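# Observations on the three-dimensional arrangement
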Amino acid sequence: VQGTGGSSAVSKCSAAARGYIQDRFLRLLTGRRRRRAPLIHRGYYIRARAVDHCVQNFLLKTQSLPRTQILSLGAGFDSLYFRLKDIGLLHHTVVYEVDFPNVACQKATLIKGVKELSALVGDTGGEGLGAITFSGDDYKLLGVDLSELSELERTLEEAGLNNEVPTLFIAEVVLTYMENTRSDALIQWAAEHFPQACFLVYEQVHPEDPFGRVMQQHFRQLSTALHSLAQYPDCEAQQRRFLGKGWTECSVMDMNEFFTCCIPEDEQQRVQTLEPFDEYEEWHLKCSHYFVLAASKGMEPSWTPLSPSVTVPRHVGPVGMAGSVPAAVCARLSGLPGLRRYGHHSVLIKPNMILTTGGFGEEDGQHCRVRNFHVLSKRAGHWEAACVTQNTPDKRWGERLYHTVSCLSDTLALVVGGRTSPLSAGLGMLWLKFPETCDTSGPGDVAVELVSLQPAAEAAALRWRHSTTEITFKGEQYLFVYGGRSALEPVLGDWHFLHAPELSYTVIAVEGPVPESRHSHSACSWEGGVLIAGGLGAAEQPLGSVFLLREFEHGFQWQTIETHPPLVPRYSHTAHVHEGKLLLVGGVWFHASSVPGVTVINLMTGLCLNYVVNVEHLEWPVMLHNHSSVFLPNEKDLLVIGGGGNCFSFGTHLNPEPVLLSLSSILTSH
């Protein structure tokens, strides 16, 4: 548990070095400096921002009072006191920090040895008295085990804590490491002994969904099990916990809501542009698995730091489910490393034959951008997998992620866009050519050839997280490339018509309400046009709109498809159309009470029904984002290939095997 404090201090220090947070004291307190990934920077930014937001709100609300106190529980190597002192916010506030005795001793030694720190505190020489390892006029550092409540109470009294003074308690990923009976007792003790008090908590929620299971496993491996989660699995349970232990007011938000509602728009944009970033799914999943809670009692005026500064229209309450869809492991496909990947693309190249290309995953025993192609083919009722060699003279394939593949004939497919790193300028287009005759096990090799494009069509290729859909105009076949993002633009809203098969750029008039820019949306061919659903919009907010682009007089027209109830905004899903119904599979949304399963939209009536995926027969978490899926109309089955991602600092999860979702019951009843 003590190790987690040092690790988080190093991560905060790295975030400060990249400009996410302003904190010149962290590097003095951590000693170790390591460069962390952008996803980690964002995660520690939101944590620091939530705590600072609430602490500064407390100091602002109580600035007219003669004296206040802050008690930071399990403070570790945090720099809170030094930051507040440096910006002049501690005129009448004493900060008490408590941690394990050896952590407190290490920190006290550090402070004394660093002039910049000791000068701010002003050492009064009161340390060395039992558990008090450092004592200044407005800063006391105490070495006590928080689970020993009577010992904690005695030491705080000795250090001068005054129960009658308005006090802010801070527990930043601390209580969850304690047995619930002990953390509950601490929460109740604070409410009973302090007539005017506030309590700030930041920690984890939602242990049972796929991301939550990976998160729990990570902490178990560190021997730092998260005890709170079983008894208090969601924000509502945490709120009830505090209200039931003597606190009269309590508000709570997950970090997606906090980022959207409590951080000004210009600050959101600043953070989103600090460094190249393309792990939106994992960022939003991390944020839905952490919360900030503010409880208070006896405060006049009341303490409400989590009242939103902006009101964002959002789906409130749990998402209604109309039923469930059974999931099963695809027989005979277990243990194939090539199918454990995300950010890839799968396409039906002929009946019962699926080609999977690109992405990030397992190859030759290591995690990397996947170079090999894989073919799944169905023989005698069973799916079988084979690795396919690329017949190419150079490295044209380029190990790409977030590209599209469109099958134009039995022997020809087109790859559009994709990226290597988020800094890459996009990777252009490639032809994939299959032999005219290939047996049921799939093509023995695939020829990869560069596409030479007209200059006007080049912009269509330099993007990723876009869609490429086959459409018909005046009886001719076109490819419709829409949306996505690029190295220069975090979100695109443009579109391109490419006449198949020579890919000449064609200008076709389009009228109607233009969809807002988006990436990671879904796009399906339907009745000669294209259906666009969901996606991530300009402010990194999921979208819930559905549009139909259909042929109209001398061109095309955008039409909005109204759904009822409204489609819950989502992105990173896949989609298919079957007999007038749009099927949306998986994705990421902001409703942490459940994960997206399969949504069925009746395109005639607009009726929109959500179904949960029943995973009771699977032994591992199924992450339905960054996956690919192929609809098999004869069986009314969906084959989900790959999926997963880099789960914050908890490790990479790759769905180990393809999964078959049986949709026959919901498609006949819908």
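Described in the following lines is the structure provided in the data block. (Residues numbered from 1 in each chain as written. Predicted model: local features only at pLDDT ≥ 70, side-chain atom pairs only at ≥ 80, totals over all residues. Heavy atoms only, no water.)

## Examining the packing of helix H3 (residues 38-61) against helix H14 (residues 280-288)
- Here H3 crosses H14 at 30°, and the two axes come no closer than 10 Å. By the angle between their axes, H3 is roughly parallel relative to H14. In this structure, H3 meets H14 at a crossing whose hand is right-handed. Residues Leu39, Arg42, Gly43 and Ile46 of H3 lie in contact with H14, whose contacting residues are Glu282, Trp283, Lys286 and Cys287. (Axes fitted to C-alpha atoms, helices over the stretch in contact; angles between N-to-C directions. Helix = DSSP H or I, 4+ residues; strand = E, 2+ residues; numbered from the N terminus. Parallel < 35°, antiparallel > 145°, perpendicular 65-115°, else oblique. Left-handed = near helix turned anticlockwise from the far one by under 90°. Contact = heavy atoms within 4.5 Å.)

## With respect to the nonpolar core
- Counting residues in hydrophobic clusters, the biggest one holds 77 residues, and the most contacted among them are Ile46, Val55, Ile70 and Phe258.
- Per-element accounting of this core gives the leading share, 12 residues, to H3.
- In this structure, this core is formed jointly by two domains, domain 1 (3-297) and domain 2 (321-668), each of which donates at least three residues.
- Not counting residues within four places of it along the chain, the set of residues in contact with Ile70 comprises Val55, Phe58, Leu59, Leu80, Leu84, Thr93, Val94, Val95, Tyr96, Leu168 and Ile170.
- The next biggest cluster of nonpolar side chains, apart from the first, holds 37 residues, and it includes Leu156, Met178, Leu186 and Ile187. (Core = buried A, V, L, I, M, F, W, Y, C linked by side-chain atoms within 4.5 Å. Buried < 20%, exposed > 50% of the residue type's maximum accessible area, 1.4 Å probe, protein only. Domains from an automatic or database assignment.)

## Quick notes on helix H8 (residues 180-193)
- End to end, H8 covers 20 Å across 14 residues, agreeing with the expected 20 Å (1.5 Å per residue, within 8%).
- Residues of H8 that are buried include every one of Asn180, Ser183, Asp184, Leu186, Ile187, Trp189, Ala190 and Ala191, and no others. (Expected span 1.5 Å × (residues − 1).)

## Things to note about the pattern of salt bridges
- If you walk through the whole model with that rule in mind, you get 27 salt bridges.
- In this structure, Arg465 and Asp278 form a salt bridge, with 2.9 Å as the shortest nitrogen-oxygen distance. In this pair, Arg465 is assigned in the loop between helix H15 (455-461) and strand E21 (467-473) and Asp278 in the loop between helix H13 (265-272) and H14, connecting sequence segments 187 residues apart. In terms of burial, Arg465 and Asp278 fall into one category: buried.
- Members of the salt-bridge network, linked through shared partners, are Asp278, Glu281, Arg419, Arg465 and Arg485. (Salt bridge = Lys/Arg side-chain N within 4 Å of Asp/Glu carboxyl O.)

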